[in-house]
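An overview of the molecular structure
Listed below are the residues making up each chain.
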Amino acid sequence: MDDINIHYRFLNWRRRIREIREVRAVRYRERLKRMLRDGDILRYHGNSDEVGCFVAARPLSRRNRYFEVTIIDTGVRGMIAVGLVPQLYKLDHQPGWLPHSVAFHADDGKLYNGNTVGQQFGPKCCRGDRIGCGVSLDSDDRQLTVFFTKNGKEVGSVEIPASPDALYPAVGMHSLGEEVQLDLNAECGMEEDDGQMIVDSHEEDWGRLHDVKVTGTLLEYMGKGKSIVDVGLAQARRPLNTRFHYYELEITDAGEKCYIALGLARRDYPKNRHPGWSRGSIAYHADDGKLFQGSGVGDAFGPRCFEGDIMGCGIMFPRDYSLDGGDDVDDWDLDVIPKPSEVQNELYASNEDEEDEGEDLEGKKVTVFFTRNGKVVGRREVALPVGGLHPTIGMMSTGEKVRVDLHPLSG
């Protein structure tokens, strides 16, 4: 009899354990709709008419009070939201739209706090940006302090009524192509009071700045943006060489018209001329995808570039190239003559009365190449002027901002 009782008790114990596991599995099960998850990658899987939403399996706690999302692709509209919601949040609504939820939206920089109408809160976020959300340890039983970060720096915080229900990390998306990387175990280590030091350490990288403001690695157009002479120009102090032969910029704000140009130019390049318009320069223009090479007439070259895109420019030096000045002029001498174009953009029309009084432009032939989002768009052979070709960026419409990395590669 005792053996039978022990057997039944064992069966009951196993059944009870199974029930507990089933309850926990339901309780700690992530929820998602119109999204696909592949490891730590979340992708929008809808038709852009409907919201996709992800809710994590476990809520934030005092031990795990912070998470981050890195934007891999902004898709068509970049309508990505990061925030906190109740466990049974309706998955056809963006985080922050419904009561007891709060979220920071990347496309407009607004905070949505239980309402479909957002409040201006912080900067917009683009491809490569890292958005964080957490709960402050100073929160009490009645008020909960939720804070948000962008690239490790606090954007702001908001106090919300403490809910009896726990708050879960959530990500919302609403347009084709949107993709993020999720880190539910991110460390909260916000950077503080180092902004000025960053500015100082990068201003010295630029030899010439005209109507451009430098804030760390960010360049912001400060000109009038009314005519073709209102160019904002930033030229690096040092030319590209065999060690640092490539640089990139990310369009963080396309401004009114995205008149952003990335290229190379001689060191005495005219300050009121877009890169590529005058002799001794070559540039890829974001607004029309054309290549301008010493002329106000551009050639069809590659795709147009938009906010979030990364444009790159580099030089492929010949094997026998030397940093010595003796290699600047020899049998490689070549003047590059731009090809005629059937279509001329009037905005980029050359000023015929302008005379370039620059340095001797003859030199060894090198191959200049351009990239968009890591893929080569095309290349051109140009003559290397005395003094080399300096990374040069032009902007020409209100609100334009780019983030520049002068040394993404070396070797």
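In short, a report on the structure. (Residues numbered from 1 in each chain as written. Predicted model: local features only at pLDDT ≥ 70, side-chain atom pairs only at ≥ 80, totals over all residues. Heavy atoms only, no water.)

**Quick notes on the overall build of the chain**
The number of helices and strands found in the chain is two helices and 28 strands. For the chain, restricting intrachain contacts to residue pairs at least 6 apart in sequence, the fraction spanning at least 24 positions comes to 67%. (Helix = DSSP H or I, 4+ residues; strand = E, 2+ residues; numbered from the N terminus. Contact = heavy atoms within 4.5 Å.)

**A few points about the sheet that holds strand β19 (residues 246-254)**
In space, the seven strands of this open sheet follow the order β16-β17-β28-β19-β24-β25-β26, with antiparallel pairing throughout. Whereas interior strands pair on both sides, the edge strands pair on one side only; in this sheet they are β16 (212-215) and β26 (375-383). Ignoring strand direction, the axes of neighbouring strands in this sheet form an average angle of 25 degrees. The pairing of β16 with strand β17 (residues 218-221) spans four bridges and is antiparallel. Bridge pairing in β17 links V214 to L219. (Pairing = 2+ DSSP bridges. Axes fitted to C-alpha atoms, helices over the stretch in contact; angles between N-to-C directions.)

**Re the packing of aromatic side chains**
Under the criterion given, the structure shown has eight aromatic pairs. Consider the rings of F104 and F121, whose centres lie 5.7 Å apart with planes at 65 degrees: the pair is edge-to-face. Placement of the pair is F104 in strand β7 (residues 102-105) and F121 in the loop between β9 (119-120) and β10 (130-135), with a sequence separation of 17 residues. What makes F104 buried here is its relative accessible area of 0%. (Phe/Tyr/Trp six-rings, centres within 6.5 Å; stacked < 30°, edge-to-face > 60°. Buried < 20%, exposed > 50% of the residue type's maximum accessible area, 1.4 Å probe, protein only.)

**Section: unusual backbone geometry**
Even without glycine at this site, R34 takes up a positive phi of about 55 degrees. Along the polypeptide, R34 turns up in the loop between β1 (31-33) and β2 (35-38). Despite not being glycine, C258 shows a phi value in the positive range, around 55 degrees. One can find C258 in the loop between β19 and β20 (261-265).

**Here we look at the environment of S278**
Tracing the sequence through the fold places S278 in the loop between β20 and β21 (281-285). Its relative accessible area of 3% is what places S278 among the buried residues.

**A look at the pattern of salt bridges**
In total, this model carries nine salt bridges according to the counting rule given. When the shortest N-O distance is used, the salt bridge between D129 and K150 registers 3.6 Å. One end of the pair, D129, is in the loop between β9 and β10; the other, K150, is in strand β11 (residues 143-150), and 21 residues separate them in sequence. Summarising the burial analysis for this pair, D129 and K150 share the class buried. (Salt bridge = Lys/Arg side-chain N within 4 Å of Asp/Glu carboxyl O.)

**Concerning the pairing of β19**
Within β19, seven of the nine residues are buried, which leaves the element mostly enclosed by the surrounding structure. As defined by bridge partners, β19 adjoins strand β24 (residues 310-316) across five bridges and the pair is classed as antiparallel. By the bridge assignment for β24, E250 is matched with I310. Sheet analysis places β19 next to strand β28 (residues 400-405), joined by six bridges and oriented antiparallel. Note on β28: the bridge partner recorded for A254 is E400.

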